[in-house]
Amino acid sequence: MSITERWRRFTSQIKDTLVLSGLGDGADRRLLWGGVGLIGLYLLICAVLAVWWSIPPAAFDVKNAVARHAPAAPQPAVTGSTTTATLIEVITVLLEKDGGYIRNDIAPPGVLMDNMPNWEYGVLIQSRDLARALREVMSRSQSQSKEDVDLTLAEPRINFQADSWVLPSSEGEYRDARKYLRAYLQRLPERGEASAQFYARADNLSYWLATVEKRLGSLSQRLSASVGQRRLNTDLAGDSAAAQSTLEPSELEIRTPWTEVDDVFYESRGAAWALIHFLKAAEVDFADVLAKKNATVSLRQIIRELEATQATVWSPLILNGSGFGMWANHSLVMASYISRANAALIDLRELLAQG
């Protein structure tokens, strides 16, 4: 039976069913098909919006972020202004991009979307790490110094759960965090007791980069596990007296479930997107430190590796072919760039630690 004949037979069966149920003629039939048409139109609009909202935001110039969020700030910007303003701008993009913040949506199309919510989570994790570094080290001269009042209010709010839609909503908490970060940014140029500080020292930069290093290492491992790996257990390597709470086998089978492969991929893209901007901001605020250590080019190389992760994905699906098989494995390609950036990051931290 041809496809045309099958379609005619299917439509004929639907018509007979409608007639038998009393909906085959007149106003009832028009009402039914009108409802079906409205549902179809709604689904079509949701599909178009889902595709539109899944397009990641474009990169922005970190040097313009200060002018946008602290227009009254003196020029050239004081130390720390670029890093703080870039963090504010990244949060702004997270909240105000096409579709807004999607991860906590409870209605279509947001609740049905998968890629963009994971992209948002990657951006959010990097923003949280930088906010923590600002509060704990970059705004303090030493371990016994007082925390900045605005950063103590901003940091816990940006760490609020990512999927709360009401009482309070995630967006509301992140907007409050942005408000306090702006207050800190506006106080940076001031003098006196009400002023804020940002200390661009090598140890402060290394503290934040150590956190970034762990994040990239974790993402690289999760991406590589898309094809499954048997790994030797190295948890206690290097210390014969080391112990752990529960014993693990000497060899482990690590594999990312196929339903989560695209989640990890887009989380990595989001984390890399945010990190590109934060590292560019650090290049401005820590310029003298990097120049003294002859490490500026090392930082730029990390940025270059991360920028490669933002290339257009031409496939409609994140493919998960085997490592040397016929089909591509997007996760392994992403893991390659992330791993190279992480290796360069380790080298950069070693340069910063040298006298």
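Residues numbered from 1 in each chain as written. Predicted model: local features only at pLDDT ≥ 70, side-chain atom pairs only at ≥ 80, totals over all residues. Heavy atoms only, no water.

(A) Structural context of the overall build of the chain. Check the secondary structure of the chain and you find twelve helices and two strands. Going from N to C terminus, the chain has its helices and strands arranged as α-α-α-α-α-α-α-α-β-β-α-α-α-α. Within the chain, counting contacts between residues at least 6 apart in sequence, those at least 24 apart form 72% of the total. Of the roughly 19700 Å² that the chain leaves accessible, carbon and sulfur atoms contribute 56%. (Helix = DSSP H or I, 4+ residues; strand = E, 2+ residues; numbered from the N terminus. Contact = heavy atoms within 4.5 Å. Areas by Shrake-Rupley, 256 points an atom, 1.4 Å probe, with all protein chains shown as cover.)

(B) Looking closely at the nonpolar core. Grouped together as the largest cluster of nonpolar side chains are 79 residues, with contacts concentrated most on Met138, Trp208, Leu279, Leu306 and Leu348. In terms of residue count, the dominant contributor to this core is helix 9 (residues 261–285) (twelve residues). Setting aside chain neighbours within four positions, we find Leu348 in contact with Leu209, Leu290, Ala295, Ser298, Leu299 and Ile302. (Core = buried A, V, L, I, M, F, W, Y, C linked by side-chain atoms within 4.5 Å. Buried < 20%, exposed > 50% of the residue type's maximum accessible area, 1.4 Å probe, protein only.)

(C) The arrangement of the environment of Leu153 in detail. Locating Leu153 in the fold gives a position in helix 6 (residues 149–158). The partly exposed category is assigned to Leu153, whose relative accessible area is 29%. C-alpha of Leu153 to C-alpha of Tyr180: the two residues are 27 residues apart in sequence and 6.7 Å apart in space.

(D) Looking closely at empty space enclosed by the protein. Here the structure, examined in full by the defined rule, presents one cavity of 30 Å³ or more. In terms of lining residues, the largest cavity is bounded by Ser54, Pro56, Asn115, Met116, Trp119, Tyr266 and Arg269. Those elements giving two or more residues to the lining of the largest cavity turn out to be helix 5 (115–138) and helix 9. Tallied by class, residues from the lining of the largest cavity come to four nonpolar, two polar and one charged. (1 Å grid on protein atoms, 1.4 Å probe; cavity = no way out; pocket = protein on both sides within 12 Å on 5 of 7 lines; lining within 4 Å. Points joined across faces, edges and corners; volume = space filled by probe spheres on them. Nonpolar A, V, L, I, M, F, W, Y, C, P; charged D, E, K, R; others polar.)

(E) Spotlight on the pattern of salt bridges. As enumerated under the stated definition, the model contains 16 salt bridges in all. Among the salt bridges present, the one from Arg132 reaches Glu155, with a minimum N-O distance of 3.7 Å. A residue pair is termed long-range when its members are at least 10 positions apart, and Arg132 in helix 5 and Glu155 in helix 6 qualify at 23 residues. In this structure Arg132 comes out as partly exposed when scored by relative accessible area, which is 26%. Residue class for Glu155 comes out buried when judged on its relative accessible area of 11%. In this structure, a network of salt bridges that share partners links the residues Asp129, Arg132, Arg135, Glu147, Glu155 and Arg215. (Salt bridge = Lys/Arg side-chain N within 4 Å of Asp/Glu carboxyl O.)

(F) Main features of the packing of helix 4 (residues 81–96) against helix 5. With their axes 10 Å apart at the nearest point, helix 4 and helix 5 run at an angle of 150 degrees to one another. Taken together, the axes of helix 4 and helix 5 are roughly antiparallel relative to one another. In this structure, the crossing between helix 4 and helix 5 has a hand that is left-handed. Counted together, Thr83, Thr84, Leu87, Val90 and Leu94 of helix 4 and Glu120, Val123, Leu124, Ser127, Leu130, Ala131 and Leu134 of helix 5 form the full contact between these two elements. Per-class residue counts for the contact of helix 4 with helix 5 are eight nonpolar, three polar and one charged. (Axes fitted to C-alpha atoms, helices over the stretch in contact; angles between N-to-C directions. Parallel < 35°, antiparallel > 145°, perpendicular 65-115°, else oblique. Left-handed = near helix turned anticlockwise from the far one by under 90°.)

(G) Expanded view of the packing of helix 5 against helix 9. Taken N-terminus to C-terminus, the directions of helix 5 and helix 9 make an angle of 40 degrees; their axes are 7 Å apart at the nearest point. Between helix 5 and helix 9, the interaxial angle falls into the category oblique. Taken as a pair, helix 5 and helix 9 cross one another with a handedness that is right-handed. Contacts between helix 5 and helix 9 pair Asn115, Asn118, Trp119, Tyr121, Gly122, Val123, Gln126, Ser127 and Leu130 from the former with Asp262, Asp263, Tyr266, Glu267, Arg269, Gly270, Ala271, Trp273, Ala274, Leu275 and Phe278 from the latter. For the contact of helix 5 with helix 9, the per-class residue count stands at ten nonpolar, six polar and four charged.

(H) Structural view of a nonpolar patch on the surface. Taken together, the side chains of Leu38, Leu41, Leu44, Ile45 and Val48 make up a nonpolar region of the molecular surface, amounting to roughly 490 Å² of accessible area. Position of Leu44 among the secondary structure elements: in helix 2 (residues 26–53). A residue is classified by how much of its surface remains accessible, and Leu44, at 52% relative accessible area, is exposed. (Patch = residues over 30% accessible without salt bridge, like charges linked within 9 Å, V, L, I, M, F, W, Y side chains within 5 Å.)

(I) Summary view of helix 6. Among the residues of helix 6, Asp150, Leu151, Ala154, Glu155 and Ile158 are the ones counted as buried. Axial view of helix 6: buried residues confined to an arc of 120 degrees, hence all on one face. Buried positions along helix 6 lie against helix 4, helix 5 and helix 7 (170–187). Capping the start of helix 6 is the job of one residue whose side-chain oxygen sits 3.0 Å from the backbone nitrogen of Asp150: Asp148. (Arc of directions from axis to C-beta. Polar contact = N/O pair within 3.5 Å; in protein donor to acceptor, adjacent residues only side chain to side chain.)

(J) View of the packing of aromatic side chains. The full count for this structure, using the stated rule, is five aromatic pairs. Measuring from centroid to centroid gives 5.2 Å for Trp119 and Trp273, while their planes differ by 55 degrees, and the two rings are tilted. Residue Trp119 is located in helix 5, and its partner Trp273 is located in helix 9; the two are separated by 154 residues in the primary sequence. Comparing Trp119 with Trp273, the two get one shared label, buried. Where Phe198 meets Phe286, the ring centres are 5.7 Å apart and the plane angle is 65 degrees; that geometry is what we call edge-to-face. With Phe198 in the loop between helix 7 and helix 8 (202–224) and Phe286 in the loop between helix 9 and helix 10 (287–292), this residue pair connects regions lying 88 residues apart in the sequence. The residues Phe198 and Phe286 share a single accessibility class, namely buried. (Phe/Tyr/Trp six-rings, centres within 6.5 Å; stacked < 30°, edge-to-face > 60°.)

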